[in-house]
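Inside the fold
For reference, the chains in residue letters:
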Amino acid sequence: MTTSPRDPSQGANAVHDLHQPGVPHPAGERGRPGAPQGAIGRLADTVERLRRELEQAHHDAHGRALLDVAKGVLVERLKCSPLEAAGQLETLAAQTGSSAIELAADLVNQASRDRITDLAREFVADVARPASPSIGVRLRTAEAGATGDAQAMADSILQHALHPLGATAVVIWAANPDQSLTLAASAGFTQQEPQRWRHVPPGVPTPARRCLDERAALSYPTLSASLLASIGQSELSGGRVAVPAGTGGRIVGVLEICWPHPLPEQPQSVQRQLEVLAELCAATLETAPHLDAAASTDRDPRLTELLELADALTDSCLVLQPISDDAGNAADFLIRHVNHHFVDFAGRPRTRIAGARLLDAYPLAAEPGGLFEKIDHVLATGEPFRTDRMTLSAMVDGIPITTAARVVISRQGAHVLVMWELDDGAAQVASLLQHAQRLGRIGGFEENLLTCEIAWNDTLFDLHGLAATARPLPLDQLSAHSHPDDAHSIGRFLRTLLHHGRPASVAFRLQRADTFARHIRVVAEPVLDDSARVVAVRGAYQDVSAQHWTEVALAATRDQLAHTEQEAAERSRLALQLQHAIMPPSSGPADLLGLRIGVRYRPAEKDHLVGGDWYDAVPLPNGQVLLCVGDIAGHGIEAATGMVALRNALRGLATTGADPGQLLAWLNTVTHHFTDQVTATAVCALYDPATGRLRWARAGHLPPILLRGGTATPLPPVAGILLGAVEGAEYQQGEIQLTSGDVLLMYTDGLIERRDCPVSDSIDDLLALAQDDRSPNGPDDLERRLDHLLRHADADTDDDTCLIGVRVD
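Summarised in this report is the structure supplied together with it. As the structure is a prediction and not an experimental result, all values here were calculated from the model. Numbering of residues begins from 1 in every chain and follows the order in which that chain's sequence is written. For a predicted model such as this one, the threshold for reporting local features is a pLDDT of at least 70, and the threshold for listing and counting side-chain atom pairs is 80 or more; totals across whole chains, interfaces and linings nevertheless cover every residue. Water and hydrogen atoms were dropped before computing side-chain values, which therefore reflect all heavy atoms in the structure.

**Side note on the sheet that holds strand S25 (residues 733–737)**
The line we're drawing: Here, a strand pair is defined by DSSP locating no fewer than two bridges between the strands. Under the scheme used here, helices are H or I runs from DSSP no shorter than 4 residues and strands are E runs no shorter than 2 residues, and both carry numbers assigned from the N terminus. Throughout, an axis means a line fitted to C-alpha atoms (over the contacting stretch in the case of helices), and angles, computed between N-to-C directions, take values from 0 to 180 degrees. Contact definition: two residues touch when any of their heavy atoms are within 4.5 Å.
Pairing is antiparallel across the open sheet formed by five strands, whose spatial order is S19-S20-S21-S22-S25. The strands lining the two open edges of the sheet, one partner per strand, are strand S19 (612–619) and S25. Across the sheet, the mean angle from the axis of one strand to that of its neighbour is 15°, orientation sign disregarded. Here strand S20 (residues 625–632) pairs with strand S21 (residues 680–688) via eight bridges, running antiparallel. The partner of Leu627 across the bridge, within S21, is Ala685. The sheet contacts of helix H21 (residues 660–674) involve S21, strand S22 (693–699) and S25, and relative to S22 the element is tilted by about 30°.

Next up, the structure:
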């Protein structure tokens, strides 16, 4: 391995500059003589645009992965479908005034309660850095973008977590038992650098090696001043940070981050971020085998050259090492290495293939004239093999997948190099089939009537309620495992299939060993020999229980439709009565311990959309005043009863004298454990008349607005997730000193929500409306101000609205 810096005068750098728009070019180097000066510039702009589009596509995909995780949290908590969870996520994001990705990160943080959660909480509390993007969002997005593959992890953490910190490259090193290092993944370097630094022998002084020796994170202001060698030293001589990557007290590698400029001392919050990223890398290194077994390549320079050659190829490439039997013949081949461009036509990740035996990964390669036979011939004779079209086969969940590919096989010393180029789309077929079988609950089978051999895939064992090691059931025993009333239908199915030699299908009720009945449909076709005799049967079982019970439910629904409509109307009437009994649409002003309080409540326009908005203003035994407003997710009798439950629970909890943050934490526990799938947002405030101090906390709700001296401003934001989403949530609280004449506005999203406008813009419009010079002023200005806001707010949804005005006299 050569670690000397690259000569900057090499032509490769001039070519590399084409991919960096804005890099100055010396005169005469912009293009070849005679070429138009603008041609290369346009090419560079096109390359840069495509690169940005690709990065944006990756970013969007990682964001969708984080949203999917958050939907899973809501599915588990609310016992709803993924589609309903997606809608709930959008609704909650709109109610809290945050983006869907921010709310998703908050939900995952609260559910996971790991180091990312702790770091996000500390970061939110750090008021010295309010303009920085949400660290929870960035770290959760980086985590979601990694698919268990080290390369995906490197790409994801660089894009989402390190670029915002100014870093431009990252490398993940795997630590080997012989004190050497293997480059597991990298991002941000030129194509040649990772190949040169694939393996670092023991004793080479690098930042990663020093980090492992001292078992601590190390920071270097500049790599050049450290007198250490490392990847990218000719391109990135700025700051370096090496962080040990370990789990359970065992260090398995090092995360090394590169900056293009000198690195000043980093604050504690950044150091904590890097430690969390190193833990994510350690988890990936623990679950993924080394891709190239580079720890031993220093003993075989020819293998090192072969691995470098394989990684330089753009087609899928495997490096195979023969495994000999007692007679010295090749019994199998160890897949020693797969290159970075490798695509498995069965849809499996590279880490599942590297390190496996060829016949374990591709058992159908042993067929006569198949891939194994060609590889064995090349190994024995040294004659290269090349074909423009060869059939490749693999087993996916017990089902054979076949594709065509261009294949080249050559012997390289003691190893065999196999390259293939798949037909377009072939790599996705197996993955699509797996998901289709799983989602459709379809199990395939094949039964040889001559040898009595039966092949089932894994799904079919699940459908029958049998262990994967159980003996598959032959077709002629189907009646013994079905409902007695279905015996006639099954008999007709078997006669058509076995005696008449024609395809057939039948639906029946499967009686499983666990007494759990399933409605099954089986479709099968006969396999005939040359004399038209049935020698085998192949087909598929499908679980149609959901469809059956859906049809039953639809029939019952038709019979009860009239009754259901009447019952729905009655429920809506009761919910509306309950809502009006607790909170009348409007009420006159009330004086309470130095506060003048006005309330406006506007029900939803449609009776069946009776909502769960609620408010309360009540004196407490300790002399303080409880002020609160909230919004239950959903509509109807459930929302109304949930509103009553939370309102009364908060009243009771407030008599303990606890702070607003603690009150919301207790209320979240009540919502999570003692209500039926209820989620809600809320603002809780405590006013002390003796001091004029107002303490407040919020659970995913829009912040209150303070009117002072003719200016309207929202109270400083405090963190807090919505009620009922996850257990054990914590809520920050803020504090403000109120003076005579101050007006505090607390409201629900129905006041400002618009379909065509972000919540942030709607809040800005409400602030302008609240401090409008035309707003009423005078002795009764609070009441008229509330009417003015309710009348002129631009909300265009059918949601109910709650508005509280509190003036300090």
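Past the structure itself, the notes keep going.
**Examining the packing of aromatic side chains**
Heads up, the condition is: Here a pair means two rings of Phe, Tyr or Trp (six-membered ring of Trp) with centres within 6.5 Å. Their orientation is stacked below 30 degrees between planes, edge-to-face above 60, and tilted elsewhere. Working definition: with a 1.4 Å probe on protein chains only, accessible area under 20% of the residue-type maximum means buried, over 50% means exposed, and in between means partly exposed.
For the structure shown, the criterion picks out five aromatic pairs. Between the aromatic rings of Tyr362 and Trp420, the centroid separation amounts to 5.9 Å while the plane-to-plane angle is 90°, which identifies the pairing as edge-to-face. Of this pair, Tyr362 sits in the loop between helix H14 (358–361) and helix H15 (371–381) while Trp420 sits in strand S11 (residues 415–422), and the two are 58 residues apart along the sequence. Both residues of the pair, Tyr362 and Trp420, count as buried. One aromatic cluster is present, formed by Phe342, Tyr362 and Trp420 through successive ring pairs.

**Quick notes on the sheet that holds strand S13 (residues 454–456)**
Pairing is antiparallel across the open sheet formed by five strands, whose spatial order is S13-S12-S16-S15-S14. In this open sheet, the two strands that pair with only one neighbour each are S13 and strand S14 (504–511). Taking each pair of neighbouring strands and ignoring which way they run, the sheet shows an average axis angle of 20°. Where strand S12 (residues 442–448) lies against S13, three bridges are found, and the strand directions are antiparallel. Residue pairing for S13: Glu446 is matched across the bridge by Ala455.

**So, helix H23 (residues 781–792)**
Stated precisely, the cut-off is as follows: Multiplying one less than the number of residues by 1.5 Å gives the expected span of a helix.
With twelve residues, H23 ought to run about 16 Å at 1.5 Å a step, and its terminal C-alpha atoms sit 16 Å apart, in line with that. For H23, the complete set of buried residues consists of Asp781, Leu782, Glu783, Arg785, Leu786, His788, Leu789 and Leu790.

**Quick notes on the pattern of salt bridges**
Heads up, the condition is: The working definition used for a salt bridge is a side-chain nitrogen of Lys or Arg within 4 Å of a carboxyl oxygen of Asp or Glu.
Enumeration over the complete set of coordinates arrives at 20 salt bridges. With a closest N to O distance of 2.5 Å, Arg651 and Asp616 form a salt bridge. Of the two residues, Arg651 sits in helix H20 (residues 637–654) while Asp616 sits in strand S19, which places them 35 residues apart along the sequence. On the accessibility criterion, Arg651 (33% relative accessible area) is partly exposed. On the basis of relative accessible area, Asp616 is assigned to the buried category, the value being 2%.

**Observations concerning the packing of helix H22 (residues 759–770) against H23**
Selection criterion: An angle counts as roughly parallel when it lies under 35 degrees, as roughly antiparallel when it exceeds 145, as roughly perpendicular when it falls between 65 and 115, and as oblique in every other case. In this scheme the handedness of a crossing depends on how the near helix is turned from the far one: anticlockwise by less than a right angle means left-handed, clockwise means right-handed. Ten residues, namely Ala, Val, Leu, Ile, Met, Phe, Trp, Tyr, Cys and Pro, are considered nonpolar, four, namely Asp, Glu, Lys and Arg, are considered charged, and the remaining ones, Gly among them, are considered polar.
Remark: H22 packs on H23, axes separated minimally by 10 Å, with the N-to-C direction vectors making an angle of 140°. Relative to H23, the element H22 lies oblique. Between H22 and H23 lies a crossing of right-handed hand. Contact residues: Leu766, Leu769 and Ala770 in H22; Arg785, His788, Leu789 and His792 in H23. Across the contact of H22 with H23, the residue classes tally to four nonpolar, two polar and one charged.

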